[in-house]
Amino acid sequence: MAAHTSQSVAKAAGDDDSVVARGRSRRTDSGNNGGLRRALATHWYAWAMVAPVVLVLGVIIGWPLVKGVYLSLTDANERNVSRTIGARHLEATYEFVGLDNYVAVLGDPVFLQRLVWTVLWTVGCVSITFTLGLVLANMLNRDFKGRAAYRMALILPWAVPGFVSVFAWRFLFNRDNGILNKLLDGGGIAAVPWLDDPTWAKFSVIAVNVWLGVPFMMVALLGGLQSIPGELYEAAEMDGATAWQRFRHITLPGLRAVSMTVILLSTIWTFNMFPVIFLLTRGGPGDSTEILVTQAFREAFITSPRDFAVSATWGVLILLLLMIFALVYRRSLRKQGEVW
């Protein structure tokens, strides 16, 4: 009996050693193969489907980005880039200057002025758009007669091309012949310099951008509202919860994931919202409504000589600011328990 027990123990120990050895061997083999090789072998079909998209994005986005970063490190302008004049081709003569452009732009008071207004413009537009979108989404989430017609009417600004909407608003804001001032004049109110006064111009561009952004926000939040189980509201109502309590403790937590996503997207879009500013006010009056992206455009296409290096520097700085914002935003979401 003792001999049999000792043999069993030895056999078990031998089996354990072989299992450990096989485990080590497997780990060594998997380490040698690498995670990428395993992923390619297991999900080769998915990689094959994604590869064309990655290639197109690399050509459309990656190459211009690399080119822009390179130009920001040079002194390229319209006088020293390669160009063809008639039958004569002139080679590029611009030189590498390192971080001189970044030092010049960051040290220029214009950058701080543009940054402050861009942040105020973005915060104002996103906060108003989110508030209006949430109110309208809650209204349209109820059952009432003609709800489909109201939905179509509120989504209409989203369906109209942006530049068409901006030109329509520019006509409405016209000081002498605009419909808004005609209505005010009919009520005995003096004409408002919507696009001629810096303060009114800022109000006008924010109003137009909010008008364009509310439909997206409303549709996204309406989808989030419809995903919240109705039983939660019924149980809360039976427990005596008021409408505000139901909104605070059920609606807002239920919309958290959707809200975080649409706020991030709306912030990025508004930060780079070139059409509204450029087509409505051209950055004016003066430069009161210039944001970072319109300033980058001005450096490359309006100022003389056109400074491609400085314009690229503004573009890279805009990208860095948005990347920093996205990282901070993602970190704050993780602290709140959101996985993103």
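For the structure, see preceding data.
Residues numbered from 1 in each chain as written. Predicted model: local features only at pLDDT ≥ 70, side-chain atom pairs only at ≥ 80, totals over all residues. Heavy atoms only, no water.

*Asks:* I'd like a rundown of the pattern of salt bridges, residues and numbers included.
*Replies:* Under the counting rule described, the total for this entry stands at four salt bridges. Across the salt bridge formed by R306 and E78, the nearest N and O atoms sit 3.3 Å from each other. Placement of R306 in the loop between α14 (292-301) and α15 (308-335) and of E78 in the loop between α3 (44-72) and β1 (83-85) is noted, with a sequence separation of 228 residues between them. Exposure remark for R306: the relative accessible area of 29% places this residue in the partly exposed category. Residue classification places E78 among the partly exposed positions, given a relative accessible area of 27%. Note that D196 and R175 form a salt bridge whose closest N and O atoms lie 3.9 Å from each other. Taken together, the positions of D196 in the loop between α8 (179-186) and α9 (198-226) and R175 in the loop between α7 (162-172) and α8 put the pair 21 residues apart, joining distant regions of the chain. Residue class for R175 comes out partly exposed when judged on its relative accessible area of 40%. (Salt bridge = Lys/Arg side-chain N within 4 Å of Asp/Glu carboxyl O. Helix = DSSP H or I, 4+ residues; strand = E, 2+ residues; numbered from the N terminus. Buried < 20%, exposed > 50% of the residue type's maximum accessible area, 1.4 Å probe, protein only.)

*Asks:* An account of the packing of α3 against α15 is requested, with residue identities and associated values reported.
*Replies:* In helix packing, the relevant descriptors are the interaxial angle and the interaxial distance, both defined with respect to the helix axes. Between α3 and α15, the least distance of the axes is 7 Å, while the angle of their chain directions is 120°. One way to sum up the angle between α3 and α15 is to call them oblique. In this structure, α3 meets α15 at a crossing whose hand is left-handed. Seen from α3, the contacting residues are L65, G68, V69, L71 and S72; seen from α15, they are A309, A312, T313, V316 and L319. Its residues placed into classes, the contact of α3 with α15 shows seven nonpolar, three polar and no charged. (Axes fitted to C-alpha atoms, helices over the stretch in contact; angles between N-to-C directions. Parallel < 35°, antiparallel > 145°, perpendicular 65-115°, else oblique. Left-handed = near helix turned anticlockwise from the far one by under 90°. Contact = heavy atoms within 4.5 Å. Nonpolar A, V, L, I, M, F, W, Y, C, P; charged D, E, K, R; others polar.)

Purely geometric stuff here, so don't read any function into it on its own.
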